[in-house]
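These are the residues of each chain, in order.
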Amino acid sequence: MNGHIEDWIRANATFQKSNRCQEGKCVEVVKTEIIGVRNSGDPEGPLVFFTRAEWEEFAAGMFAGDFDHIL
């Protein structure tokens, strides 16, 4: 990922976490041209990026229960 994009996202974007988040042990998501994900407990830590299509496929899998065995 281009460091300039990551720097811009860190400085300007507002991350969102689930209302179910407890004790700050969550992931946070931001939507810009791409989807960025980070650990809410380490906001200066690494960001993971997804295209909109990748995020939509992941979310569809979550809703379909594809990852229930992980919980």
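Computed from a predicted model, the values in this text were never measured in an experiment.

A. Spatial organisation of the state of the cysteines. If you walk through the whole model with that rule in mind, you get 1 disulfide. Put simply, Cys21 and Cys26 are joined by a disulfide, and their sulfur atoms are 1.7 Å apart. Across the S-S bond of Cys21 and Cys26 the torsion is about 105 degrees, and the bridge reads as right-handed. Look at Cys26 and you get buried, because its relative accessible area is 14%.

B. Structural context of the pairing of strand S2 (residues 27-31). Burial along S2 is one-sided: Glu28 and Val30 are buried, while Val27, Val29 and Lys31, pointing the other way, are not. In terms of strand pairing, strand S1 (residues 16-17) meets S2 through 2 bridges, oriented antiparallel. If you follow Lys17 over to S2, its bridge partner there is Glu28. As judged from the 5 bridges shared by S2 and strand S3 (residues 35-39), these two strands associate in the antiparallel manner. By the bridge assignment, Val29 is partnered in S3 with Val37. Linking S2 to S3, which pair antiparallel, is a turn of 3 residues.

C. Fine view of the packing of aromatic side chains. For the structure on display, the rule yields 3 aromatic pairs. A ring pair is formed by Phe50 and Trp55, whose centres lie 5.7 Å apart and whose planes are at 50 degrees; its orientation type is tilted. Take Phe50: its relative accessible area is 28%, and that puts it in the partly exposed class. Considering the side-chain rings of Trp55 and Phe58, the 5.5 Å spacing of their centres and the 40 degrees angle between planes classify their relative orientation as tilted. Pair noted here: Trp55 and Phe58 are both in helix H2 (residues 52-64), with a separation of 3 residues, about one helical turn. Following the ring pairs from residue to residue traces out a cluster consisting of Phe50, Trp55, Phe58 and Phe67. Here the guanidinium or amino end of Arg38 rests over the ring plane of Phe15, the centre of that ring lying 3.7 Å away.

Scoring rules and cut-offs
Residues numbered from 1 in each chain as written. Predicted model: local features only at pLDDT ≥ 70, side-chain atom pairs only at ≥ 80, totals over all residues. Heavy atoms only, no water. Disulfide = S-S within 2.5 Å. Buried < 20%, exposed > 50% of the residue type's maximum accessible area, 1.4 Å probe, protein only. Helix = DSSP H or I, 4+ residues; strand = E, 2+ residues; numbered from the N terminus. Pairing = 2+ DSSP bridges. Phe/Tyr/Trp six-rings, centres within 6.5 Å; stacked < 30°, edge-to-face > 60°. Lys NZ or Arg CZ within 6 Å of the ring centre and 35° of its normal.

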